[in-house]
Amino acid sequence: MSGELKETGTMGQGQSPAPVKVKEKKELSMEDYFRGGLFILVGLLLAISVLQFIGSVDQVIYTWFESEYIPVIRAVFNFAVVVFCLYVLKFHLMKKKA
């Protein structure tokens, strides 16, 4: 009986190896390359638009508010952008784990 414990290590219960799933690599088609390129193009356009939007908001702040309040308003706006970005990243990362 002691020989059996040494072999299995689980008091007589045999261990079965877990099946290993192997992902087969799918060959990329022209459609996959097109979708990837389109994704990159849309990402670049989005980045340019976001930078222009932030510049426009900065100009609106200078137009609408007195010069003594501009640093405070810009700080609040920048803080709101940081909070929004962190929320989106957290949502994306939590979605990836599930």
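Think of each chain on its own: its residues are numbered from 1, step by step along the sequence as written. Per-residue local features are limited, in this predicted model, to residues with pLDDT of at least 70; the limit for side-chain atom pairs, both in listing and counting, is 80 or more; totals at the level of whole chains, interfaces and linings are taken over all residues. Derived side-chain values reflect all non-hydrogen atoms in the structure, with water molecules and hydrogen atoms excluded from consideration.

**Q** Mind showing me how you'd approach the layout of surface pockets here?
**A** Within this model, the largest pocket holds a volume of roughly 180 Å³. Lining the largest pocket, in full, are Leu46, Val50, Phe53, Ile54, Phe77, Val81, Phe84 and Cys85. Only DSSP runs of H or I with at least four residues qualify as helices, and only runs of E with at least two residues qualify as strands; both kinds are numbered from the N terminus onward. Elements supplying a minimum of two residues to the lining of the largest pocket: helix H2 (30–64) and helix H3 (70–97). Charged residues are taken to be Asp, Glu, Lys and Arg, nonpolar residues to be Ala, Val, Leu, Ile, Met, Phe, Trp, Tyr, Cys and Pro, and polar residues to be all remaining types, Gly included. Class assignment of the residues belonging to the lining of the largest pocket gives a composition of eight nonpolar, no polar and no charged. The way it works is a 1 Å grid over only the protein atoms, where trapped points that fit a 1.4 Å probe form a cavity and open points with protein on both sides within 12 Å along at least five of seven lines form a pocket, and then any residue with an atom within 4 Å of a point lines it. Grid points are joined across faces, edges and corners, and a volume is the space filled by probe spheres set on the points.

**Q** Can you help me understand the confidence of the model for the protein in this one?
**A** Low-confidence regions, as indicated by low pLDDT, have predicted coordinates that should not be scrutinised in detail. Confidence along the protein averages 81 in pLDDT terms, with 73% of residues attaining 70 or more. Predictor confidence is given residue by residue as pLDDT, running from a minimum of 0 to a maximum of 100. Taken element by element, the predicted model of the protein shows its lowest mean pLDDT in helix H1 (residues 2–8) (51) and its highest in H2 (91).

**Q** I would appreciate a short explanation of the pattern of salt bridges in the present structure.
**A** Any two side chains of opposite charge can pair, on the condition that their charged atoms come close. Salt bridges, as used here, are contacts in which a Lys or Arg side-chain nitrogen is within 4 Å of a carboxyl oxygen on Asp or Glu. Scanning the model with the defined rule gives two salt bridges in all. As a salt-bridge pair, Arg35 and Glu31 come within 2.7 Å of each other at their nearest N and O atoms. Remark: Glu31 and Arg35 occur in helix H2; sequence separation between them is four residues, near one turn of the helix. Each residue is placed in one exposure class: buried if its accessible area under a 1.4 Å probe, protein chains only, is under 20% of its type's maximum, exposed if it is over 50%, and partly exposed if it falls in between. Relative accessible area serves as the criterion here: at 45%, Glu31 is assigned to the partly exposed category. Put simply, Arg74 and Asp58 hold a salt bridge, and the shortest N to O gap is 3.0 Å. One end of the pair, Arg74, is in helix H3; the other, Asp58, is in helix H2, and 16 residues separate them in sequence. On the basis of relative accessible area, Asp58 is assigned to the partly exposed category, the value being 24%.

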